[in-house]
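What the coordinates show
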Amino acid sequence: MNAEVSDPLILVDRVGAITRVTLNRPRAINALNTEMFEGLDAALDAAAGSNAIVLDGAGERGFCGGGDIKQIAFGGDPRGLFGAEYRVDYRMSASPVPVVALMDGIAMGGGIGLGGHAAFRIVTERSRLAMPEVRIGIAPDVGGHLLLAEAPGRLGEYLAITAGEMTAGDAIALGFADTLVPSDRLDDLRAALAAGGDIAATIAQFAEPAPTSPLIAVRDWFDPIADAALARVDAVTDPVGAAVALVTALETSEDERARETAAVVRGMCPLSLAVTVSQIARTRAESLDVAAVLEDDYRIVPRFAVNPNFAEGVRAQLVDKDRNPKWIPATVEALDPAVVAALLAPLEPGESGLGLPARS
């Protein structure tokens, strides 16, 4: 599909037994903005009675590159924007009409929020998935902490603190996707789903064995280091201490791979690192579900959006593109625990949550 300037940003097409919903902003890798969240909300309503919702992205570059970061940074009301996004993410996860997410190509940040909680999560040989938020001065959101917390071993922490990228094989092995379908068979898959019948059985007809996961091998050296470091500090109650312990353990390891990883992590936003490590630990310890994690995101991430580090991260990555952010403070060791505690604090008077259904 080629999008013209006047084309709607969300395309909705009832085809046989399915409702096809397409993110239609290909020049921006279908980056999500307020108008698109409104369109997705309406699309979910319009899909009532379908056998499945097939969610995909226009263009050749990818499913969804994430939220429109510039709109978030410079567009005014972060709570309104994040609220609209997270409610749509929840509706995708809980939709009575099963969502089949075709995460072909790039699927990052907000794209994970839409596709990563769907009933059927499909990747292709071209898929590249990531939660790169610590690189721009916020924390993984859109319910991503749940997927990170449920990844094998400590791979959730590894992905989050390095802003790492997953191949299709990685995404399946780490629980971000379910099935590989070759990209040149997606049209055939859509047609078969439109014909009706059992969704899982139809997808299985087009599936190929999952590729190997290079990231799984990271566990061999990263898990022992992270386990030892985080066993000494409660990341939920002492986020700064946990972040310092983990970075220090990587830097002082005899394993060259750990020291190289530490150098990468040192380039990320220190405030983001502390909050991220803490939130993964809390999500895991309390067995939070999608709704609870999205409520957490809505409490915390809008506070990040008005912190100077977020504007600096956007400047360095997307505006000036010098890839040289000046974080405040510059290191995890210099973090003020009170600042981190304020980001993680309960809702303040006048702040409301998303109102998502609590787990019974």
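Look up a bit, the structure's there.
Residues numbered from 1 in each chain as written. Predicted model: local features only at pLDDT ≥ 70, side-chain atom pairs only at ≥ 80, totals over all residues. Heavy atoms only, no water.

Strand pairing in a sheet is mediated by backbone hydrogen bonds. Such pairs are either parallel or antiparallel. Here we have 6 strands laid out as an open sheet, ordered 1-2-3-5-7-10, and mixed in their pairing. Either end of the sheet is taken by a strand with one partner, and the two such strands are strand 1 (10–15) and strand 10 (179–180). Looking at chain direction, strand 1 and strand 2 (residues 18–23) are connected through 6 bridges and run antiparallel. The residue of strand 2 that forms the bridge with Val12 is Val21. Most of the contacts of helix 1 (residues 34–46) go to strand 1, to which it runs at about 15°, and overall it touches strand 1, strand 2 and strand 3 (52–57). (Pairing = 2+ DSSP bridges. Helix = DSSP H or I, 4+ residues; strand = E, 2+ residues; numbered from the N terminus. Contact = heavy atoms within 4.5 Å. Axes fitted to C-alpha atoms, helices over the stretch in contact; angles between N-to-C directions.)

Attention now goes to a negative patch on the surface. Among the surface-exposed residues, Glu125, Asp184, Asp188 and Glu208 lie close enough to one another that they form a single negatively charged patch. Positionally, Glu208 belongs in the loop between helix 9 (199–206) and helix 10 (219–231). When its relative accessible area of 43% is taken as the criterion, Glu208 is described as partly exposed. (Patch = residues over 30% accessible without salt bridge, like charges linked within 9 Å, V, L, I, M, F, W, Y side chains within 5 Å. Areas by Shrake-Rupley, 256 points an atom, 1.4 Å probe, with all protein chains shown as cover. Salt bridge = Lys/Arg side-chain N within 4 Å of Asp/Glu carboxyl O. Lys, Arg positive; Asp, Glu negative; His and termini not counted. Charge placed at Lys NZ, Arg CZ, Asp CG, Glu CD. Buried < 20%, exposed > 50% of the residue type's maximum accessible area, 1.4 Å probe, protein only.)

The subject of this paragraph is the nonpolar core. Counting 108 residues, the largest nonpolar core has Leu23, Leu40 and Phe176 as the members making the most contacts within it. In this structure, Phe176 is in contact with Met103, Ile112, Gly116, Arg121, Leu129, Met131, Leu147, Leu148, Leu159, Met166 and Ala171, ignoring residues within four places of it in sequence. Ranked by size, the runner-up nonpolar core spans 14 residues in total, among them Val100, Leu102, Ile122 and Ile203. (Core = buried A, V, L, I, M, F, W, Y, C linked by side-chain atoms within 4.5 Å.)

Note: most residues except glycine have negative phi, and most peptide bonds are trans. In the segment running from Ile328 into Pro329, the intervening peptide bond is cis, with an omega of -10°. By the element assignment, Pro329 lies in the loop between helix 15 (308–319) and helix 16 (337–344). Not every positive phi belongs to a glycine, and Ser287 is a case in point at roughly 50°.

Tallying each qualifying case throughout the model produces 5 aromatic pairs. In this structure an aromatic cluster arises from ring pairing among Phe82, Tyr86 and Tyr298. Geometry around Tyr298 places Arg79 over its ring, the cationic atom sitting 4.3 Å from the centre. Here Arg87 stacks its cationic end above the ring of Tyr298, 6.0 Å away from the centre of that ring. (Phe/Tyr/Trp six-rings, centres within 6.5 Å; stacked < 30°, edge-to-face > 60°. Lys NZ or Arg CZ within 6 Å of the ring centre and 35° of its normal.)

With that settled, the discussion passes to the sheet that holds strand 8 (residues 128–130). If you trace the 4 strands from one edge of the open sheet to the other, you get 4-6-8-9, paired in mixed fashion. Strand pairing shows two members of the sheet lacking a second neighbour, strand 4 (62–64) and strand 9 (165–166), which therefore form its edges. Where strand 4 and strand 6 (residues 106–108) come together, 2 bridges link them in parallel fashion. By the bridge assignment for strand 6, Cys64 is matched with Ala107.

In terms of burial, strand 5 (residues 99–103) is a largely internal element, 5 of the 5 residues being buried. In the sheet, strand 3 pairs with strand 5 via 3 bridges, with the strands oriented parallel. Note on strand 5: the bridge partner recorded for Leu55 is Ala101. Bridge analysis of strand 5 against strand 7 (residues 120–123) gives 4 bridges, and the strand direction is parallel. For Leu102, the partnering residue across the bridge sits in strand 7 and is Ile122.

Counted according to the given criterion, the structure contains 2 cavities of 30 Å³ or more. Considered as a void within the structure, the largest cavity measures approximately 50 Å³ in volume. In terms of lining residues, the largest cavity is bounded by Val247, Val265, Arg266, Met268, Pro270, Leu273, Ala330, Thr331 and Val332. Classifying every residue of the lining of the largest cavity by side-chain character gives 7 nonpolar, 1 polar and 1 charged. Taken together, Ile161, Ala243, Leu246, Val247, Val265, Leu273 and Val277 form the lining of the second largest cavity. Per-element tally for the lining of the second largest cavity: the top contributor is helix 11 (residues 239–251), with 3 residues. (1 Å grid on protein atoms, 1.4 Å probe; cavity = no way out; pocket = protein on both sides within 12 Å on 5 of 7 lines; lining within 4 Å. Points joined across faces, edges and corners; volume = space filled by probe spheres on them. Nonpolar A, V, L, I, M, F, W, Y, C, P; charged D, E, K, R; others polar.)

Let's shift gears to the layout of surface pockets. Each pocket or cavity is described by its volume, and for the largest pocket that value is around 760 Å³. Lining the largest pocket we find 30 residues, and of these Gly65, Gly66, Gly67, Ile69 and Leu318 sit closest to its centre. At the level of elements, helix 2 (69–74), helix 3 (78–94), strand 6 and helix 15 are the ones that each hand at least two residues to the lining of the largest pocket. Sorting elements by how many residues they give to the lining of the largest pocket places helix 2 first, with 3 residues. Of the residues that constitute the lining of the largest pocket, the class distribution is 15 nonpolar, 6 polar and 9 charged.

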